[in-house]
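Chain and residue survey
Each chain is listed here by its residues.
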Amino acid sequence: MSKPSPEYDVVIVGAGPAGGTLANLVSKRKAYRVAVFEARPWESLWGKPCGDAIGEHHFAERGIPKPQGEAVLQRIEGMEIYSPKEDVVYKVYGEGYTIDRTKFGQQLLKEAMDNGVEVFTKTHVSRPIVEDGYVRGVVVNTGDGQPVEVRAKITIDSTGSSGPLKRYYPSDWPIAERLNPKDTDIAYREIAYLDYDIERPEYIRIYLNQRVAPGGYWWFFPEGRNRANIGLGVQGGMGYPHPREIYQRELMKRPEINRYVKLVSAMGAVVPTRRPMDSLAWNGVMVIGDAAFTVNPVHGGGMGYAMEAAYWAAKAIDEAFDKGDYSVETLWTINRGFMPTIGAKQAALEVTRAFLQRLSDDDIQFIMEKRLVSEEDVDLLGRKAELDQSVVERITGALGDLVKIVRAAGRPSLLMRLKDMADTMKKAKALYQRYPESPKDLPPWSREVRELIEGFKKRIGAL
Ligand SMILES: Cc1cc2nc3c(=O)[nH]c(=O)nc-3n(C[C@H](O)[C@H](O)[C@H](O)COP(=O)(O)OP(=O)(O)OC[C@H]3O[C@@H](n4cnc5c(N)ncnc54)[C@H](O)[C@@H]3O)c2cc1C
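Residues numbered from 1 in each chain as written. Predicted model: local features only at pLDDT ≥ 70, side-chain atom pairs only at ≥ 80, totals over all residues.

This brings us to the overall build of the protein chain. A tally of helices and strands in the protein chain yields 13 helices and 16 strands. Relative to the 2.2 N^0.38 estimate, which gives 23 Å for 463 residues, the radius of gyration of the protein chain is 22 Å and therefore close to what a compact globule would have. For the protein chain, the spread of C-alpha atoms along the three principal axes comes to 70 × 55 × 40 Å. Considering the protein chain as a whole, with its 463 residues, one finds that 48% of them fall into the buried category. Considering only contacts in the protein chain between residues 6 or more positions apart, those separated by 24 or more positions represent 71%. (Helix = DSSP H or I, 4+ residues; strand = E, 2+ residues; numbered from the N terminus. Rg over C-alpha atoms; globule rule 2.2 N^0.38 Å. Buried ≥ 20, exposed ≤ 12 C-beta atoms within 10 Å, placed from the backbone. Contact = placed C-beta atoms within 7 Å.)

A few words now on the sheet that holds strand E14 (residues 260-272). Whether parallel or antiparallel, the strands of a sheet pair through hydrogen bonds between backbone atoms. Pairing is mixed across the open sheet formed by eight strands, whose spatial order is E3-E5-E4-E11-E12-E13-E10-E14. Whereas interior strands pair on both sides, the edge strands pair on one side only; in this sheet they are strand E3 (53-55) and E14. Shown here is a sheet whose adjacent strand axes are inclined to one another by a mean of 30°, direction ignored. In this fold helix H4 (residues 243-250) packs onto strand E10 (184-194), strand E13 (227-235) and E14, with an angle of close to 45° to the strand it touches most, E10. (Pairing = 2+ DSSP bridges. Axes fitted to C-alpha atoms, helices over the stretch in contact; angles between N-to-C directions.)

Let us now look at the domain arrangement of the protein chain. When cut into domains, the protein chain gives domain 1 (7-52 + 101-179 + 274-331), domain 2 (77-92 + 181-272) and domain 3 (346-459). One C-alpha centre belongs to domain 1, the other to domain 3; they are set 33 Å apart. Taken together, the contacts link eleven residues of domain 1 with eleven residues of domain 3. Class assignment of the residues belonging to the side of domain 1 that touches domain 3 gives a composition of five nonpolar, two polar and four charged. (Domains from an automatic or database assignment. Nonpolar A, V, L, I, M, F, W, Y, C, P; charged D, E, K, R; others polar.)

Where helix H7 (residues 333-357) meets helix H13 (residues 442-459), the axes come as close as 10 Å, and the angle between the chain directions of the two elements is 15°. One way to sum up the angle between H7 and H13 is to call them roughly parallel. Here H7 and H13 pass one another in a crossing that is right-handed. Along the contact surface, H7 presents Ala347, Glu350, Val351 and Ala354, while H13 presents Val449, Ile453, Phe456 and Lys457. In terms of residue class, the contact of H7 with H13 is built from six nonpolar, no polar and two charged. (Parallel < 35°, antiparallel > 145°, perpendicular 65-115°, else oblique. Left-handed = near helix turned anticlockwise from the far one by under 90°.)

Here the focus is the packing of helix H5 (residues 303-323) against H7. At their nearest, the axes of H5 and H7 sit 7 Å apart, and the two run at 150° to each other. Taken as axis vectors, H5 and H7 run roughly antiparallel relative to one another. Between H5 and H7 lies a crossing of right-handed hand. Contact residues: H5 offers Tyr305, Glu308, Ala309, Trp312, Ala313, Lys315, Ala316 and Glu319, while H7 offers Thr333, Ile334, Gly337, Phe338 and Ile342. When its residues are assigned to classes, the contact of H5 with H7 shows eight nonpolar, two polar and three charged.

A word on unusual backbone geometry. Unlike most non-glycine residues, Asp52 shows phi in positive territory, near 70°. Even without a glycine there, the phi angle at Asp132 is positive, about 50°. With respect to the element layout, Asp132 can be found in the loop between strand E7 (124-131) and strand E8 (134-141). Owing to 7 C-beta atoms within 10 Å, Asp132 belongs among the exposed residues under this scheme.

Along the chain, the position of Lys262 falls in strand E14. A C-alpha to C-alpha distance of 25 Å links Lys262 and Ala213, two positions 49 residues apart in sequence. Excluding residues that lie within four positions of it along the chain, Lys262 makes contacts with Ala192 and Tyr193.

For the rest of this paragraph, the subject is the nonpolar core. Counting residues in each nonpolar core, the largest one holds 129 residues, and the members touching the most others are Leu22, Met286, Ile288, Ala309, Ala310 and Ala313. Examining the composition of this core, we find that 13 residues originate from one element, H5, more than from any other. Discounting chain neighbours no more than four positions away, the residues touching Ile288 are Ala18, Leu22, Ile156, Ser158, Leu280, Thr294, Ala306, Ala309, Ala310 and Ala313. (Core = buried A, V, L, I, M, F, W, Y, C linked by C-beta atoms within 7 Å.)

Attention shifts here to the site of the ligand. Taken together, 40 residues are adjacent to the ligand, and Gly16, Gly51, Gly160, Gly289 and Gly302 come closest. Among the elements of the structure, helix H1 (17-27), E3, E7, E10, E14 and H5 are those that each provide at least two residues to the shell around the ligand. Taken together, the residues of the shell around the ligand sort by class into 20 nonpolar, 14 polar and six charged. (Near = placed C-beta within 6 Å.)

A few words on the pairing of strand E5 (residues 89-99). Relative to E5, E3 runs antiparallel, the two sharing three bridges. By the bridge assignment, Gly55 is partnered in E5 with Gly96. The sheet contact formed by strand E4 (residues 72-82) and E5 spans nine bridges and is antiparallel. In the strand pairing of E5, Tyr82 is matched with Val89. In textbook terms, the turn of a hairpin is the stretch between consecutive antiparallel strands, and for E4 and E5 this stretch comprises six residues, one of which, Glu86, has a positive phi near 65°.

Written as structure tokens, this is what we have:
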């Protein structure tokens, strides 16, 4: 493998969904000298374990190349959500795919390489170079034992949820923020060929069951007629058993799962389940994907949002090079694009996530049986992180009719919490829609966000 040059315009650390997509997008302009450093070999690109499901809308809205040919394992038409007793099933429509991550990652990176991007696989970055309040590149281990400095005008940290570069950023930079274990899911999944034809393989299935997956859910995602990606996530920091153990104990006894012909892969990893970091940029650097917590906090889907963060990073790169200014003021473009849209949605969904994690199986069963939150509401929640006014009215109506409905059902506090959640989500979205125009206004805004979300968590006993 050739050695990297001492200097580039852009250096990307990590070629997963975030970094790989960004490499593809920035390569299109053929204007910059770009290097990508990835610790994994080419054969296991995007090799982190995943449910492999991604919505179509991420590609169409952002002009990101779609998975092609062998990268598509199954076209998806929608999702089924099962209640704890599995007798109430919500169907939510929405197109997407289950994908072969490695093949898709290779497709995106191959296109970038054809456009001149230099890709160094099996190459570990040990730290960023921080000088005069800027990130000025990285120190790379090229394998011959000699660390080399590679300088760049803009460095991209797309290193995933463990965020190994963060501890080198000064602690007063907002991008140095680390994950609280309670704001994570520990997830484990197996991919296996099964000895039967999966019914309706075009539907991914999600099972809400706090006994099996405390603070998370378990899933069954078809990857073709005879192959499935099956897994579960549990909330981190709570002392719950490891999901691998629960998988063996609970899922392997189910008749539709305990029918492996061949195990393809069995792995676990951590998923962030909170709002994004308060800023995705600082001087000379942007952080995208899991490293910046850009994941949907409710379902843990992070590939599409890693790609969307990459889309806004590419816009910020263009602007910075057009101006010849790589400071946080110019790179703020990524925040201006991401925060009022996706950031707003993810902040609202962090509130939903905290609420859901405090529900018992009986509560969830009650909400679904009584259709307090309907299929249409779940659809709206998924697309826009909003609960329709009708839900709030339904809840308020039920509260108004407390004696008849609520006392009879024995769930007054549940309804109150549901209303509190809907209100807090609205406030969180409003805060993100007035995201600061400049980095100097970030601290008071960050405080307001923290107080709002932590206040809600305290009220429901989630802190
Ligand atoms: C079990 C499980 C199921 C999931 N299911 C889904 C799902 O169905 N759909 C969905 O959309 N999302 C899902 N997610 C989340 C999704 O996998 C992540 O959000 C997504 O992979 C994030 O992409 P990323 O590029 O930010 O990080 P990663 O995929 O973690 O990629 C980071 C890359 O950086 C490289 N790297 C790290 N440090 C260095 C270094 N120092 N030097 C060089 N390279 C480095 C790594 O090798 C890696 O390739 C799931 C996650 C888990 C754990």
